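# Descriptive analysis of the structure
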Amino acid sequence: MTGLFAVGEKALLLDSKKRRYMIDLADDGEFHSHNGFVSHSQIIGNPEGVFVNSTKGSEYIVIRPTLEDFVVEMPRGAQVIYPKDLGPICMLADIGPGVKVFETGIGSGALSMTMLRYGAEIVGYELREDFANRAKKNVESFLGTEAMSRYDIHIRDAYEPIDPAHGPFDRVVLDIPEPWNVVPHAESALRAGGILVAYTPSITQAAKVREALKGRWIDARTLEVLHRGWHIEGQAVRPDHRMVAHTAFLTIARFLGKSERGPKLIA
């Protein structure tokens, strides 16, 4: 990830209109657009920030893509969770090295690769094999083969009980239509003090999750993340005309385990 660009790496080309193009560098590769083509040999062996020109004279600056870039540009089979929610999910779930996560609703793998980047170990349930395969390809494409040793995906229905052999877990992260149906299974798979995070597009879904998080759960809360950029050009400073507002609600709670103490606190 440092030094000179090499064969097999990803590169991000930015043109004069701030359009972004992500490519996989190959010995005999070429990047083609309506502005002509750029030979990968112009990039390989050069550092980030190199300027290259197409056969029609268009100029590009070349840098390495970040995880944010990859999530936005990567191949997908399902709608992804976007960067504005990925960071907060990992913070709210307290994802870190060695944390064992049960994830379901794998989709295209955006959340998986973010948690893996934080150092988590993931057991994932995905109902659709094509989604699971796409997620694994995306994870390996950006994070490399090492990350795959911490990424264990099963073609299973998360609404069914979680296989005890796959747990116990420190965290449960849900991105499925009816996450409240997984809460009882999470109670059998989470360790005491573990955290559950559910990602739900509608507030009625979030309300059903909150209803399910009664009994052995504490600190339940629901929030949404709004992303507003600012236009700054000299002394002209104002909010952007458009913003990324609602995408989903994040519901978080901590599991108390099987303790029978503190009924007033839990109620």
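You'll find the structure just up there.
Below: a short report on this structure.

The next point concerns the side chain of Gln205. By secondary structure assignment, the location of Gln205 is in helix 7 (residues 203-212). Overall, the relative accessible area of 14% leaves Gln205 in the buried class.

Our focus in this paragraph is a nonpolar patch on the surface. There is a patch of nonpolar side chains on the surface, built from Trp230, Ile232 and Val237 and spanning about 330 Å² of accessible area. With respect to the helices and strands, the residue Val237 is situated in strand 14 (residues 236-239).

What follows deals with the pattern of salt bridges. All told, the structure shown has 11 salt bridges when counted by the stated rule. Across the pair Glu9 and Arg64 runs a salt bridge whose closest N-O atoms are separated by 2.6 Å. You can see Glu9 sitting in the segment before strand 1 (10-14) and its partner Arg64 sitting in the loop between strand 6 (59-63) and helix 1 (67-73), a full 55 residues away along the chain. Between Asp130 and Arg128 there is a salt bridge whose closest N-O contact spans 2.6 Å.

This paragraph deals with the packing of aromatic side chains. Using the criterion set out here, one finds seven aromatic pairs in the structure. Counting every residue linked through ring pairs, the aromatic cluster contains Tyr21, Phe31 and Tyr60. Taking the ring centre of Phe169 as reference, the NZ or CZ of Lys100 above it sits at 5.3 Å. Across the ring face of Phe131, the terminal group of Arg128 is positioned such that the distance to the ring centre comes to 3.9 Å.

Our focus in this paragraph is the packing of helix 2 (residues 83-92) against helix 3 (residues 110-117). The N-to-C vectors of helix 2 and helix 3 enclose an angle of 50 degrees; their axes lie 10 Å apart at closest approach. The angle between helix 2 and helix 3 falls in the class oblique. Helix-helix and strand crossings are classified by hand; for helix 2 and helix 3 the assignment is right-handed. Across the interface between the two elements, Leu86, Ile89 and Cys90 of helix 2 pack against Ala110, Leu111, Thr114 and Met115 of helix 3.

As a further point, take the sheet that holds strand 6. Spatially, four strands are ordered 2-1-6-5 in an open sheet, and the strand pairing comes out antiparallel. The open sheet has two edge strands, strand 2 (20-24) and strand 5 (50-53), and neither has a second partner. Each neighbouring strand pair of the sheet contributes to a mean axis angle of 35 degrees, computed without reference to strand direction.

The next thing to look at is the sheet that holds strand 15 (residues 249-255). Pairing in this open sheet of seven strands is mixed, and the strands run 9-8-7-10-11-15-12 from one edge to the other. Pairing within the sheet leaves two strands with one partner each, and these edge strands are strand 9 (151-155) and strand 12 (217-223). Pairs of neighbouring strands in the sheet enclose a mean axial angle of 15 degrees, with direction left out of account. Strands in contact with helix 3 are strand 7 (100-104), strand 8 (121-126), strand 9 and strand 10 (169-174); relative to strand 7, the strand with the most contacts, it is inclined by about 175 degrees.

Attention now goes to the environment of His231. The residue His231 is located in strand 13 (residues 230-233) in this model. Those residues in contact with His231 that sit more than four places away from it in its chain are Ala236, Val237, Arg238, Pro239 and Asp240. Side chain to side chain, His231 and Glu233 meet in a polar contact 3.4 Å long.

So, on to the nonpolar core. Within the largest apolar cluster, 37 residues are counted, with the highest numbers of intra-cluster contacts made by Ile89, Val101, Met115 and Tyr151. Here this core gets five residues from one element, more than from any other, and that element is helix 3. Look past the residues within four positions of Val101 in its chain and what remains in contact with it is Ile95, Met115, Ala120, Glu121, Ile122, Val123, Phe169, Arg171 and Val173. In this structure, Leu174, Val182, Leu190 and Val209 belong to the second largest nonpolar core, which totals 22 residues.

Definitions and cut-offs
Residues numbered from 1 in each chain as written. Predicted model: local features only at pLDDT ≥ 70, side-chain atom pairs only at ≥ 80, totals over all residues. Heavy atoms only, no water. Helix = DSSP H or I, 4+ residues; strand = E, 2+ residues; numbered from the N terminus. Buried < 20%, exposed > 50% of the residue type's maximum accessible area, 1.4 Å probe, protein only. Patch = residues over 30% accessible without salt bridge, like charges linked within 9 Å, V, L, I, M, F, W, Y side chains within 5 Å. Areas by Shrake-Rupley, 256 points an atom, 1.4 Å probe, with all protein chains shown as cover. Salt bridge = Lys/Arg side-chain N within 4 Å of Asp/Glu carboxyl O. Phe/Tyr/Trp six-rings, centres within 6.5 Å; stacked < 30°, edge-to-face > 60°. Lys NZ or Arg CZ within 6 Å of the ring centre and 35° of its normal. Axes fitted to C-alpha atoms, helices over the stretch in contact; angles between N-to-C directions. Parallel < 35°, antiparallel > 145°, perpendicular 65-115°, else oblique. Left-handed = near helix turned anticlockwise from the far one by under 90°. Contact = heavy atoms within 4.5 Å. Pairing = 2+ DSSP bridges. Polar contact = N/O pair within 3.5 Å; in protein donor to acceptor, adjacent residues only side chain to side chain. Core = buried A, V, L, I, M, F, W, Y, C linked by side-chain atoms within 4.5 Å.

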